[in-house]
Amino acid sequence: MPNYGSRDVCMVRGEGARVWDADDRAYLDFVSGIAVNNLGHCHPAVVKAIQEQAAKLIHTSNGVLLEPQIELAELLCRETGMTKAMFGNSGCEVTEGAIKLSRVWGREGFKESKHKIMVFTGSFHGRTYGAMSATYSPKVRKGFDPFVPGFVFAEFNNIADVDAKWDDDICCVMLETIQGEGGVRPATTEFLKGLQVRCRERKAVFICDEVQCGMGRTGKRMAYMHAGVQPDVVPIAKALGGGFPIGGLLARGEFADVFTKGRHGTTFGGNPLACATALASTKIIFDDRFLETVWHKGLKLNSLLQAIAAEFPDLCDHVRGIGLMQGLVLKVNALDIPTLARKHGLILNATAETVLRVLPPLTVTDGELEEFGSKLRATLGEVKTG
Ligand SMILES: Cc1ncc(COP(=O)(O)O)c(C=O)c1O
């Protein structure tokens, strides 16, 4: 179907921060499959886990105990302050899970009408009906109404608007800790703390969607850790499986037991192959020394982008982001720039009309950061001279 537009390049292999097309042309990949290949392409530990698990057990049903699933759940919960995990296959599926969990919690714990979900301007939570109803972007929503009822939009990073829109029927507040599709916009620490306080006081589930910004991307295990908050429910996906599809729904305390027997489920979610792969990838990413290197590389990337922004003042407005999730905000439309960048051997992404989203693998080297700088300068040089 033509939903991904015309695709004029065919990628056939990858290694680290690099991919090669069918004509054996190399590209530096600074999108990482949109924050999926956090260990780069074909990391040996990920490849080995897939090969070994595939030879042992690929799939059974969720009606039995599965060692990789248990080990992955334990690792994720231990390292994120959560209590229990459930697995799905994608980001939208686990954000759907977060919404469903919150409604059951609100209704059965408090009152029948406690069902409303507070979400935010600029948000993106996925393309299925619940997740899309939580998504702000008119482009994503166009033509698909009527939406799931009960979603209330407040202005991102505006706590006064949260208070103005709040009523007693709100059962949860869900936000991306750093909006990805919305243009790499971090929630402020004050905003996150303000939401946490309100959720605790007014009895609502505090959900940080870490599908894009989690799993080490910002130099901490989860992006909310920078703000010192502890959400109740956290959907993760994308980088969780090191390139293999898997999503996770993490919940703490009482929220971990809302889905009683038969309340929610999925055929493939948490299957042994996906979990063994995710386990191999997560063990590397959750290492403190590894995360420390991500943080420092994030600072370097940010400085590099600031320098480039200063060199192209007619094109560039400012740089924002945390760790290795950075956005170069342009004064011009950015949507055609990735095609131009590809001619210079650089894979880049544009979002929210004017933002170049920069998501290198967390394993990126200093040399690759420099190479990225040269390729981006060459690309922007062409935009400038038309
Ligand atoms: C923050 C966030 N939540 C949810 C999703 C949906 O994930 P998926 O595309 O795996 O369904 C995305 C995808 O980009 C996302 O960025």
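As a reminder, the structure under discussion sits directly above these lines.
Summarised in this report is the structure supplied together with it. Model, not experiment: these values are computed from the prediction.

Definitions and cut-offs
- Residues numbered from 1 in each chain as written.
- Predicted model: local features only at pLDDT ≥ 70, side-chain atom pairs only at ≥ 80, totals over all residues.
- Heavy atoms only, no water.
- Core = buried A, V, L, I, M, F, W, Y, C linked by side-chain atoms within 4.5 Å.
- Buried < 20%, exposed > 50% of the residue type's maximum accessible area, 1.4 Å probe, protein only.
- Helix = DSSP H or I, 4+ residues; strand = E, 2+ residues; numbered from the N terminus.
- Domains from an automatic or database assignment.
- Contact = heavy atoms within 4.5 Å.
- Salt bridge = Lys/Arg side-chain N within 4 Å of Asp/Glu carboxyl O.
- Phe/Tyr/Trp six-rings, centres within 6.5 Å; stacked < 30°, edge-to-face > 60°.
- Lys NZ or Arg CZ within 6 Å of the ring centre and 35° of its normal.
- Expected span 1.5 Å × (residues − 1).
- Arc of directions from axis to C-beta.
- Polar contact = N/O pair within 3.5 Å; in protein donor to acceptor, adjacent residues only side chain to side chain.
- Near = heavy atom within 4 Å.
- Nonpolar A, V, L, I, M, F, W, Y, C, P; charged D, E, K, R; others polar.

Below, the discussion takes up the nonpolar core. Residues Phe120, Leu175, Leu328, Leu356, Phe372, Leu376 and Leu380 are the most contacted members of the largest nonpolar core, which totals 75 residues. When residues in this core are grouped by element, the largest group, seven residues, is from helix H10 (residues 288–311). A domain split of this core shows at least three residues from each of domain 1 (44–285) and domain 2 (288–384). Ignoring any residue separated from it by four or fewer positions in sequence, one finds Phe120 in contact with Tyr136, Phe153, Ala154, Glu155, Phe156, Val162, Val173, Met174, Leu175, Gln179, Phe191 and Leu195.

What follows is about the pattern of salt bridges. Applying the stated criterion across every chain yields a total of 24 salt bridges. When the shortest N-O distance is used, the salt bridge between Arg13 and Asp24 registers 2.9 Å. With a gap of 11 residues between them, Arg13 in strand S1 (residues 11–15) and Asp24 in the loop between strand S2 (18–21) and strand S3 (26–29) connect regions that are remote in the sequence. Close ionic contact of Asp169 with Lys111 constitutes a salt bridge, the shortest N to O distance being 3.3 Å. One end of the pair, Asp169, is in the loop between helix H7 (159–165) and strand S7 (170–176); the other, Lys111, is in the loop between helix H4 (91–109) and strand S5 (116–120), with 58 residues separating them in the sequence. You can call Asp169 buried: its relative accessible area is 17%.

In the structure shown here, the tally under the stated rule is seven aromatic pairs. With a centroid separation of 6.5 Å and 65 degrees between ring planes, the pair formed by Phe120 and Phe156 is classed as edge-to-face. Linking Phe120 in strand S5 with Phe156 in the loop between strand S6 (151–154) and H7, this pair joins segments that are 36 residues apart in sequence. Across this residue pair, the class does not change: Phe120 and Phe156 are buried. Site record: aromatic cluster; members linked through ring pairs are Trp105, Phe110 and Phe255. When the ring centre of Trp166 is taken as reference, the NZ or CZ atom of Arg202 above it lies at 4.9 Å. Residue placement shows Arg221 over the ring face of Phe286; its charged tip is 5.7 Å from the ring centre.

Glancing now at helix H2 (residues 44–56). Across its 13 residues, H2 extends 18 Å between first and last C-alpha, which sits within 8% of the 18 Å expected from 1.5 Å per residue. Taken together, the buried positions of H2 are occupied by Val46, Ala49 and Gln53. One side of H2 holds all its buried residues, which, seen down the axis, span an arc of 60 degrees. Turned more than 90 degrees from where H2 packs its buried face, Pro44, Lys48, Gln51 and Ala55 sit exposed. The inward-facing, buried residues of H2 contact helix H3 (67–80) and helix H9 (272–285).

Our next topic: the side chain of Thr218. Position of Thr218 relative to the elements: it lies in the loop between strand S10 (205–209) and strand S11 (233–236). A relative accessible area of 0% means that Thr218 is categorised as buried. One polar contact links Thr218 to His226, side chain to side chain, over a distance of 2.9 Å. In this structure Thr218 touches Ile178, Cys213, Ala223, His226, Val294, Trp295, Ile322, Gly323 and Leu324, once residues within four positions along its chain are discounted.

Here the focus is the site of the ligand. For the ligand, the full set of nearby residues is Ser90, Gly91, Cys92, Phe124, His125, Gly126, Glu176, Glu181, Asp209, Val211, Gln212 and Lys238. Contact between the ligand and Cys92: an oxygen atom at 2.8 Å from a main-chain N or O atom of the residue. Contact between the ligand and Asp209: a nitrogen atom at 2.8 Å from a side-chain N or O atom of the residue. Tallied by class, residues from the shell around the ligand come to three nonpolar, five polar and four charged.

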